[in-house]
Each structure stands twice: as structure tokens, then as C-alpha cells.
Amino acid sequence: MIPPAAQVHFFDSQHGDHMLAVDGSRVFDVPAGTADQFASMDQPGQSAFLRSMGLDGAPFIDDTPPQDMPVRSLSLAVAQKCNLACTYCYAAGGEFGGPARNMEWEVAKASVNRLVAEAEPGVRINLAYLGGEPLINRDLVQRTTDYAVEQAQANGLSVGFSITTNGTLLRPEDAAFFEAHGFAVTISLDGVGEVHDKLRPNRGGRGSFDTILKRVEPLLAAQHRMQVGARVTVTPQNMNLPETLDRFVGMGFHSIGFSPMLASPNGQHELDRNDLDEMLAQMIRCGEVFEAAVMQGRRYPFSNMAAAMQEIHRGTHRPYACGAGGGYFGVSADGGLFACHRFVEDEAGAMGDVYDGPDLRRENWLADRHVHTQSPCNTCWARYLCGGGCHHEVIHRGRPACDYIRGWLHYCLQAYVRLSEARPDYFGAPTLAASA
Amino acid sequence: MSDQPGQIRVTPRNLTARAAYKVPGNPGNTRLDGSVGNCFPGLEMDVRNLDRRFFPGLVFNAVRVPLSPVPEAPKNAQGFHLVFVDYFYDPMLPDNSPEGWVQTLLEAYSGDIGAKLSQGRWFLSWVEQSGKRITFKEEDGTPYDGLMIWRFIRSLEHGDDKPVSIALERRNHEGIVDTEQVVLHGFRRQYRTEAGVFSEAYDPGELTQSLCNPWSHDFRDCGCHYWPSNHPDVVMAEVAHDDQLPSGQSKNPIEAETYLDWLRSDKSPSGNVAALNTVEQNRPYQIDHYQVNQMWSELPIVVEGRETGEVYEVDPEMPGVEPYDTPEDMVKDLKTRLAAMEMTLSLQYLYAYFSLADPETADTQKWPTLKDDLIFARRSVLEVAIGEMTHMRWANQLLWELEPDDYEPILTPSETLPAGRCKTQPRALRPLTAEALADFIEIERPGGFIDRAYAQCVATLEQEDLFPERRLYALAVRIDTDGDEHFLRFSQMKDVLAKYDTGEDTPAYLRPIEVGTEAQAKTALDLYAKVKDGLAKAYTLEAEGQFEESQTYIQQVRDDMKLFRDEGEALAAKNIGIPFWTEGKA
Ligand code: SF4
Ligand code: SF4
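An account of the accompanying structure is given in this report. Note that the coordinates shown come from a computational prediction; the quantities given were computed from them, not determined experimentally.

A separate point is the overall build of chain B. Counting its secondary structure elements, chain B contains 18 helices and 15 strands. Within chain B, buried positions represent 43% of all 586 residues. Expressed as a percentage of contacts within chain B between residues at least 6 apart in sequence, the contacts between residues at least 24 apart total 70%. Total accessible area on chain B is roughly 32000 Å²; 53% of this is exposed by carbon and sulfur atoms.

This is the structure we're talking about:
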């Protein structure tokens, strides 16, 4: 039995006191003092209190892992090598700890076929190109894309493409190709100028930021169907998030997101507890800029915040942090299926190959990784918003960032109340039920 | 609930909270127009439950005359029975009302009158509105049946200018009024507010009382005819589409065409045995009360009289029916074939009807069930015969609607009947022998000739460009789908009558009738001619739109049919069959 105290999380805002009902990620306004009143009750009292609010119904999420999920998204490690030498790279220099190599056409083709085989007409399938640096194997990216478009058309499917690149190998003609196929392009950047270069030297040790900028500009200019985003991995060395965010917004990126560096193969640049506190403070500062912009009716492409607002509004509740091993898999250069791109060549996430589809290890994975089986997640109030954390980080480093995650979500809940009061239109509603 | 803290007021904010939030108060279907009743009137409430509170402060029940009361039961228990006095929360009777009549009623209910009404059995004696008083008793003093009184109550009007007075009387065990009446003055309740919401006088669940929900015990025994679609008595078993022979008949006709009890508890193939004839006989094999709560959802959906699995599939092999080449072709076929055929069938069935023995003279010593079975068989054959007459009328109606100017009634029996694909058989006047019955079943078989005879008309009239008027199409559909019942009737008859067919002599259920001479049957034949003549006149008038005039003839036809039946019986008692036509004696 989950103690009643783990079923709710109280927070306040200038609009009063609020409560997150963990089950179903439901947000309520409650009378002032409810949190204290709740804290002073014994367990049966707390249970009765929850019952009186109708929070004792059938749970939104049970212990059963999903069964027979079709494979909807694959990321192809088209080049298990990289022209950069990021100090913290999860793929250990693009080679995932294995030999450096390119993916063969047969493997890419089989990946598309696998997606098509598991999809009914009308479904959207997704292909992501990752590496290493995927543009090292540009020919394969193009050929696979053309093949996927053709197969999707023949089978009545729609297909979405994305690519994550370090940007150094981008060519002007890539812009036209990505635009034509509506790619979501993610550029891995680690800050602005020198900061970036320190973390992302190329193999010769020279910085890469300026090169990248020059190469990304044509893409930013061509964005129409294509969306170009920046993904910043936060390390102790690039902790000036508001400035970074502002700079990238000004450059015209469609979205900018930050993620903390928690587990690198060599332990370099991992954030410790103090760093995470610092990062949280900086994230909240970014969030405040976002709030101010939305209040004024301006778009501000801070993706962590935008995603959180929509998820909280919809009451997103998930038993897993991500789709890894469910509907999403990473494909290694030689066709192995892994829980996700970060698990490529990692026995902990191996689940078969693209030719035969996921094997039994996937059922075990889904059963093992369910947030209800994770401790301390099963009594954490953030469990259905967080989902238990990135599997890769959890398996390799544990959960060092929970306070950061909860701190961030607590702030996001408050921001949600503020924004839903001030700008219900941002959430697609003309007006919102009056608050207590 | 001592550990329950005081309810606090929370406001749902995000989407999941709003979606899962239980709004206090009445659910959306409190409004009639928001409920299933919008599609299936009557399914969501029993309207009698409105009228039980027609008078402020009182709750009645309409009690029917008991079917077979035990001797010790109180007498005259039927009527509009006062169940209890309920004035406390009646929205018509607020404590602080300035209205004199409200205060008078409140005083009465809380004082002596209330005390008096709680002693013994009280019934509504009369009501009065707008100077009209209706007393709920026969001339000999017998109280009316509750449902009859209910109809009067329904006719009361509400409104400030429509006061209502009522009188209540107390009846003792012998049904005798034993004390002075109580007379009260007030107004009829307005059952719904202007906004369409039911008055707060009704308790939650009160309006659905007496309905048999499938998950309630009542459902099992529900015999009302209002919901045949929800609660069929007998059904045919599910069969795979590819189990059909090219002729359209099932590979295993016994399995495919045996009528099963829908409520049978053994749903395995071994439980698929023919339903027996009466509810009582089937009773032991049905789902029991304690089971129906659990099993109601396993009761299969029935489509076209047949149980279906999870998904209903149209038979892919079903031969498509092509419309007639031209509307003229259809008219011709209706005239020369279909309408005349209906006439022949109804006469054949009538002939067979008269061949059935009189239940009153049945040898119940030798055959204890014969009387009941004869009553059943006679009623069934007659129903089918009347059904064919109705079809004949519909076929004529199709004709006059299609060609109002050239219409001539078709009332002459055809000389042949269809037998299998593209074959015919001569018409024949036959007693209801096992062979005759087998032929009847064959003719009426679902998917057989008759069943599909009108399908071509349906397909033709379905073409909206040619026939924008949907009424004709609906009419054709009605004839086309009406035949299953006939097949069912004959099949049941076969099961019921088979045991009397010992192979020797005439079976006990038959009279040895033979087709008589025209002289013998003169009276009957004259009546038959009169019936045909009357129908021809009535149809012609109706075709011209003169409905009232046509009704006169219809009434005359009905009277003649009654005489005809008596005459037919009299002849049959002498073993004489009516010679509707002279050839084809069997
Ligand atoms: S990973 Fe941490 S924050 Fe996320 S659910 Fe588990 S305990 Fe909570
Ligand atoms: S396991 Fe981690 S890296 Fe892999 S998809 Fe999930 S969140 Fe992303």
C-alpha cells in the first residue's frame, strides 16, 4: 500500500493553495491551510481525507506493463563514430564502446521495414538518425529517408524524421533536404562560444562553436516545415543558462532545451549535488523569463518549460520516463535492437534485432522498469510526471538528481497555476473554471 | 464515518482533474432530453412514478387487480393506494409559504389527518377539477383497477388556476369503507420545471422504480412486450456464414433453425436444445435470479432473430438482389405474382385452420396436453393467415401508391406458388397434416422464396433518384422483413403437433375434413365474395384518398369475416372444407 502522504503534493502560488493528486496528475485548488491540516492527520485520517475528495477510485495507472506494443519509433545509429571528441559523450566518442563503423543499407532498410510491418494504415512512424555523428553517413540518411517515404506512401502511413547532429558537418544542401521532409533537427550545443568549445573540441582539439554557427545559419533561415532545435547538455562548465537560452532564442532556434549531465562513461563533467542546486536555480530563472513572455502573449521557445506546461495541463501520467523498450528502440550499426539510442551496444538494453523484432527481453524490461517497481520512486510524489528517470542514467549512475527533478516540477506546478490564471488562452481555453 | 473529516471544497484545475471530478448533484441525464430516453422513449423511467406524487404531500401506487388472490388476502386491494404521507421536504409545501392552501395542508398532515391516514389502508376515492368529479368505482361499488385510475390522474392539469380536490377512503380487510372520507384541496404537481428538470420532490432512483434493468433480478422474469429487442424470448443459434448450402438453406438446418431460449443457462453447444412452449416449461433451464446479476452481460446480442458473436458480420455470400429493370416491371410483378400469391397463401392457411380440431372437444383423457396445444396451434395458424392478408393489403397499397390512376384491386388468388428457385407448385387446399406443415415451413423459411420475394421491390424502391418518396421504400421493407414470424410459428407448430402423429388414422389434432361442394358451402362462399368485394371497394376508395369512406367498408369486411369464421367452424364440424377453388384437392 502506498501511504496517503505519497498520493498528494501540496504547493502554493499567489492564487492560494493547490494540490497535485499524484494519481492521474490532477491539479486542484484547495482551501488555505489544507496542507498543514493534512500533515497533522494520522494515516487513517489522511486516507479518509483523500476519500472525501473522491481520490480513492480505480487508479489511473496499475502495475501491469504494456503488452505487445507495436514498434513506432526507431533511432538509427547510422554512424557509430564521431568527428568530435566530447568529453562526456554517452557513445564514448561515437563508438559506443564498440568498433567505429557505419551502418549498412541493409540494416537501415530492415529498420524501415520493421516499422512498416508493425503499423496499421493511418499510423505515424518515426525515424531518428543519431550517431555518433549521423552526417558522417549522409548518403545512408538520404537513401533511408527516400525509402521510408516511399514505403509509407505505399502503406498509407505517415512518417516523421528527426536527426541529432553536432552541426559541424552540415552543408547548405542539407537544409533543402531536411526542409523537404519536415525534419526535426536537433543541434547538440553546449553553450556559447568558448564554453561550448571547451566541452566540444573536435578531434584535433580545436573548438567547434563558430564552425557550427556558420553551418546552422542556413538551416535556421530555411525553417518552415523543418524545425531546428538546440539541445544543451549542462555540465559544471556551462552553467549560465539564462544567457545561453537568450542567445539561442535570438538566433532563431525553434526550441531550446537543457538536460543535466548525470552519467558520462568516464565520469567527467557529471553534476554533483551542489551543481544540481545551482542548475535548478538557473532553470527557474529561465522559467521566469518564459512566464513573462507568455504573459505578454509572446512565444518563448524554452522547451523544458513549454513541455512541462502542456503535460501538467493535460495531466500527463506515465509509468515510464520515456518510450525506451516500449514503442521506441535504438538500432545499432549492425542491426541490433536496444532499449534506446543511449543503450546501443550496451548489454543492459539489448532486445533482439531489427530483422526479427524485439525479443522476450523486452517484456522483462518493461516489467522491471515500471515506476511502481522502482524504489524510492514508488513513494515519490513526482513519479507519474517524472516516470522514474532516464533508464540509462538510473542503471549506470542511480538517481542523483531527484531533488532537482522534484524542485523543477514543484516550480512548474506553480508556474502552471499562474499561467492558467493569467493566460488560459495559452492552454487553448477561452476561460478557465474560477479558482477557489 | 467518524474518521471522516469535514468535506472540503476543492476546485479541479487541469484537464485530468476536471475530467475525473465528480460534480455534486444530479447527473446529466436528469433531463429527459439528455438521456437515453431521447432515442428510446420509456427506457429510462416509468412515467407512472411521476403521477404517484401528483398531489402535494402524498405518495400513491397504482395497484392492479390481483390475478389469483389467496383467500385470506384483503379484499378490494386494487386502486390508487396511498403508500405514505411525505410532506416534510415537498417543494410544493414550504413551511413559510404565504399560501392559505399550503398552510391548511401542512396543518392537516402534521395533525389529526396525518395521524388518521397512517392507520389502515387508504385509497383515492375521487378527484375533482374544473367542476368535474370522477369517482373511481364501478356502479356495483367495485373499485377501479389502479392502472385505470392512473389514466384519469394523467388527465389532470397543473397550474395556479386549476385547483384539484381529492378524497381518500379507508377500506378494511373485507374491502368495505369503514370510516369517513378525508377530503383535501390543493393543486396537481408540475412534474418538471420550466428548464425541463424533474421536480425535486422525486427521490434519486424513484423514477426508475419498476423498470427491469438487465442487471437486476427483475430482468429474468420480465415479460413485458415493450422491450422485445432487449429481451427476446426465443432466438436462433449463431451459425457461421459458410455453413450455408448454395440453395440458401443451412447445411445443418436443425441447428440453424431451432429456436432456443435466449435465457438458457447452458450456453455450450450441448445446451442448444429447442425451447419449450411455455415459460413454465423453460424455467428450470434458464439463468436463475442469483445468476442474472453476473451473467446478463453474457446474454448475446440478437440480430435478425439470431444470436451474434462479438462482431456482427453481414453474410458476404448473401446474393445481392438486383432491382427490377424498370419500375413498370415491378408493378407488373406485384400485380401478376406477389399480391395474388399473398391471397392464395392466406386462403390455404385459413383452410388449414379450419382443419384443426375444436379444443373444447379434445380427448384430454388420452392426450392431456391436446387442448392447450390446439389452442396454441389454432391461434398461430390464424395469426399467420391474417398476416398474409395484411401483406396482401400492403402489396395493394404499393400498387395504388405507384399507379394511383390505373389502380385496380388485386384480390384474386394466384394459381401457383413458388417452390424453390424458379419452380412453382400448384396451389392446394389441405388440412394441416405433417406434410402440409412441412411445405408451409419451406415457403416461409427465412432466406427462402417468400422472404426474398419483396427484396427485389425493396432494392428497386431504394433507388432514391427514381423514388424520392421514402414512404414506399419503408413499406416494402416492412413486408420484406415481416415473414420471419410466420416461419417461427409454423416451426413451433411442427414441434408441438408431431407427437400426435402416430402414423395411424387422422392425427388427434385434426378433423377429417374434405373440400366440400359449392352448394354445401354456399353461405361461406357468399361471405367470402362479400369480403372480397368490400375490400375491393375499400382499397379503391383509399387509393383515391377517401379514408373515411373506405373505413365504412373495412368495418363491414370485419363483421363479415366474423360471420365467415363462424360459418367455417360450423362446416368444419361437419368435416366440410370451404372450396375456395375447385381444383387441386389433396
Ligand atoms: S527518479 Fe526520482 S524524482 Fe523521478 S520518480 Fe523516481 S524518485 Fe521521483
Ligand atoms: S532511457 Fe534515457 S536516454 Fe534513453 S530514451 Fe529514455 S530518457 Fe532518453
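On to the site of ligand 2. Around ligand 2, the neighbouring residues are Cys 322, Ala 324, Tyr 328, Cys 340, Arg 342, Phe 343, Cys 390, His 391 and His 392 of chain A. Here the shell around ligand 2 is composed, by residue class, of 6 nonpolar, 2 polar and 1 charged.

What follows deals with the sheet that holds strand 12 (residues 350–353) of chain A. Within a sheet, each strand pairs with its neighbour through backbone hydrogen bonds, oriented either parallel or antiparallel. Here 10 strands make up an open sheet; going across it, the order is 9-8-7-6-5-4-10-11-12-13 (chain A) and the pairing mixed. The open sheet terminates on both sides in strands that have one partner only, identified here as strand 9 (255–260) and strand 13 (357–358) of chain A.

What follows deals with the sheet that holds strand 1 (residues 11–12) of chain B. An order of 1(A)-2(A)-3(A)-1(B) is seen for the 4 strands of this open sheet, with the pairing classed as antiparallel. In this open sheet, the two strands that pair with only one neighbour each are strand 1 (8–13) of chain A together with strand 1 of chain B. By the bridge criterion, 5 bridges tie strand 2 (residues 16–21) of chain A to strand 3 (residues 26–30) of chain A in an arrangement that is antiparallel. Across the sheet, the residue bridging to Met 19 of chain A is Phe 28 of chain A, located in strand 3 of chain A. Of the strands in this sheet, strand 1, strand 2 and strand 3 of chain A touch helix 14 (residues 402–422) of chain A, which is tilted by about 55 degrees from strand 1 of chain A.

It is worth spelling out the site of ligand 1 at this point. All names here are of chain A. Neighbouring ligand 1 are Cys 377, Cys 380, Arg 383, Cys 386, Gly 388, Gly 389, Arg 399, Cys 402, Ile 405 and Arg 406. Broken down by secondary-structure element, the contributors of at least two residues to the shell around ligand 1 are helix 12 (383–386) and helix 14. Sorting elements by how many residues they give to the shell around ligand 1 places helix 14 first, with 3 residues. Of the residues that constitute the shell around ligand 1, the class distribution is 5 nonpolar, 2 polar and 3 charged.

Once that is clear, we can look at unusual backbone geometry. For the peptide bond that leads from Gly 131 of chain A to Gly 132 of chain A, omega is 15 degrees, which places it in the cis range. Assignment of secondary structure puts Gly 132 of chain A in the loop between strand 5 (124–131) and helix 4 (138–155). Between Ser 375 of chain A and Pro 376 of chain A the backbone carries a cis peptide bond, its omega angle lying at 10 degrees. Mapped onto the fold, Pro 376 of chain A is located in the loop between helix 11 (361–369) and helix 12. The residue Glu 345 of chain A is not glycine, and still its phi comes out positive at about 70 degrees. Note that Glu 345 of chain A resides in the loop between strand 11 (336–338) and strand 12. For Glu 345 of chain A, a relative accessible area of 29% puts it in the partly exposed group. Positive phi outside glycine occurs at Asn 76 of chain B, with the angle close to 50 degrees. Assignment of secondary structure puts Asn 76 of chain B in the loop between strand 2 (58–63) and strand 3 (79–85).

A few words on the packing of helix 10 (residues 327–354) of chain B against helix 12 (residues 434–444) of chain B. Residues and elements named next belong to chain B. For the pair helix 10 and helix 12, interaxial distance at closest approach is 12 Å and the crossing angle is 150 degrees. For the element pair helix 10 / helix 12, the angle class is roughly antiparallel. Here helix 10 and helix 12 pass one another in a crossing that is left-handed. In contact with Leu 345, Gln 348, Tyr 349 and Ala 352 of helix 10, helix 12 contributes Phe 440, Ile 443 and Glu 444. Of the residues that constitute the contact of helix 10 with helix 12, the class distribution is 5 nonpolar, 1 polar and 1 charged.

To continue, consider the nonpolar core. Counting 112 residues, the largest nonpolar core has Leu 74, Phe 178, Phe 253, Phe 258, Phe 302 and Met 309 of chain A as its most contacted members. Ranked by residues supplied to this core, first place goes to helix 14 of chain A with 10 residues. Two domains each donate at least three residues to this core, and these are domain 1 (4–63 + 379–389 + 409–435) and domain 2 (73–314) of chain A. Setting aside residues up to four positions removed in sequence, Met 309 of chain A forms contacts with Phe 290, Cys 412, Ala 415, Tyr 416, Leu 419, Tyr 426 and Phe 427 of chain A. Grouped together as the second largest cluster of nonpolar side chains are 87 residues, Leu 338, Phe 490, Ala 538 and Ile 554 of chain B included.

Between chain B and chain A, the residue contacts involve 18 residues of the former and 32 residues of the latter. Carbon and sulfur atoms supply 57% of the area buried between chain B and chain A, which totals about 2000 Å² over both sides. For the chain B face of the interface with chain A, the top three residues by lost area are Ile 8, Thr 11 and Arg 13 of chain B, together amounting to 35%. Our count for the chain B to chain A interface comes out at 11 residue pairs in polar contact (both at pLDDT 80 or more). The biggest single contributor to the side of chain B that touches chain A is helix 1 (residues 15–20) of chain B, with 5 residues. Tallied by class, residues from the side of chain B that touches chain A come to 8 nonpolar, 5 polar and 5 charged. Note that strand 3 of chain A and strand 1 of chain B share 2 bridges and pair antiparallel. Each bridged residue has a counterpart across the sheet, and for Phe 28 of chain A the counterpart in strand 1 of chain B is Pro 12 of chain B.

All names here are of chain A. Throughout the structure, instances matching the rule amount to 38 aromatic pairs over all chains. Taking 5.3 Å as the distance between ring centres and 15 degrees as the angle between the ring planes, the aromatic pair formed by Phe 161 and Phe 183 counts as stacked. Residue Phe 161 is located in strand 6 (residues 158–165), and its partner Phe 183 is located in the loop between helix 5 (172–180) and strand 7 (184–189); the two are separated by 22 residues in the primary sequence. Of the residues examined, Phe 161 reaches a relative accessible area of 4% and is grouped as buried. Taking 5.3 Å as the distance between ring centres and 85 degrees as the angle between the ring planes, the aromatic pair formed by Phe 343 and Trp 365 counts as edge-to-face.

Residues and elements named next belong to chain B. Closest axis-to-axis distance for the helix 17 (residues 522–543)/helix 18 (residues 547–573) pair is 8 Å, and the angle between their directions is 160 degrees. Relative to helix 18, the element helix 17 is oriented roughly antiparallel. Both helix 17 and helix 18 take part in a crossing whose hand is left-handed. A class-by-class count of the residues in the contact of helix 17 with helix 18 yields 15 nonpolar, 4 polar and 6 charged.

So, about the pattern of salt bridges. Residue and element names in this part refer to chain A. Summed over all chains, the structure comprises 45 salt bridges over all chains. Residue Arg 361 pairs with Glu 347 through a salt bridge whose shortest N-O separation is 3.7 Å. Note that Arg 361 is positioned in helix 11 and Glu 347 in the loop between strand 11 and strand 12, a separation of 14 residues in sequence. Exposure remark for Arg 361: the relative accessible area of 38% places this residue in the partly exposed category.

We now examine the pairing of strand 1 of chain A. All names here are of chain A. Counting buried positions over the 6 residues of strand 1 gives 5, a clear majority of the element. Relative to strand 2, strand 1 runs antiparallel, the two sharing 6 bridges. In the strand pairing of strand 2, Phe 10 is matched with Met 19. Here strand 1 hands over to strand 2 after 2 residues, the two strands then running antiparallel side by side.

Residues and elements named next belong to chain A. Relative to the helices and strands, Gln 14 is located in the loop between strand 1 and strand 2. A residue is classified by how much of its surface remains accessible, and Gln 14, at 61% relative accessible area, is exposed. Counting along the chain gives 404 residues from Gln 14 to Arg 418, while the straight-line C-alpha distance between them is 7.7 Å.

Moving on, we get to helix 15 (residues 470–481) of chain B. All names here are of chain B. Look at helix 15: 17 Å from first C-alpha to last across 12 residues, which is about the 16 Å you get at 1.5 Å a residue. Within helix 15, burial applies to Leu 472, Leu 475, Ala 476, Ile 479 and Asp 480. Burial along helix 15 is one-sided: seen end-on, the buried residues are contained in an arc of 135 degrees.

So, how was this worked out
Residues numbered from 1 in each chain as written. Chains lettered and ligands numbered in written order. Predicted model: local features only at pLDDT ≥ 70, side-chain atom pairs only at ≥ 80, totals over all residues. Heavy atoms only, no water. Helix = DSSP H or I, 4+ residues; strand = E, 2+ residues; numbered from the N terminus. Buried < 20%, exposed > 50% of the residue type's maximum accessible area, 1.4 Å probe, protein only. Contact = heavy atoms within 4.5 Å. Areas by Shrake-Rupley, 256 points an atom, 1.4 Å probe, with all protein chains shown as cover. Near = heavy atom within 4 Å. Nonpolar A, V, L, I, M, F, W, Y, C, P; charged D, E, K, R; others polar. Pairing = 2+ DSSP bridges. Axes fitted to C-alpha atoms, helices over the stretch in contact; angles between N-to-C directions. Parallel < 35°, antiparallel > 145°, perpendicular 65-115°, else oblique. Left-handed = near helix turned anticlockwise from the far one by under 90°. Core = buried A, V, L, I, M, F, W, Y, C linked by side-chain atoms within 4.5 Å. Domains from an automatic or database assignment. Buried area = accessible area lost by both parts, 1.4 Å probe. Polar contact = N/O pair within 3.5 Å; in protein donor to acceptor, adjacent residues only side chain to side chain. Phe/Tyr/Trp six-rings, centres within 6.5 Å; stacked < 30°, edge-to-face > 60°. Salt bridge = Lys/Arg side-chain N within 4 Å of Asp/Glu carboxyl O. Expected span 1.5 Å × (residues − 1). Arc of directions from axis to C-beta.

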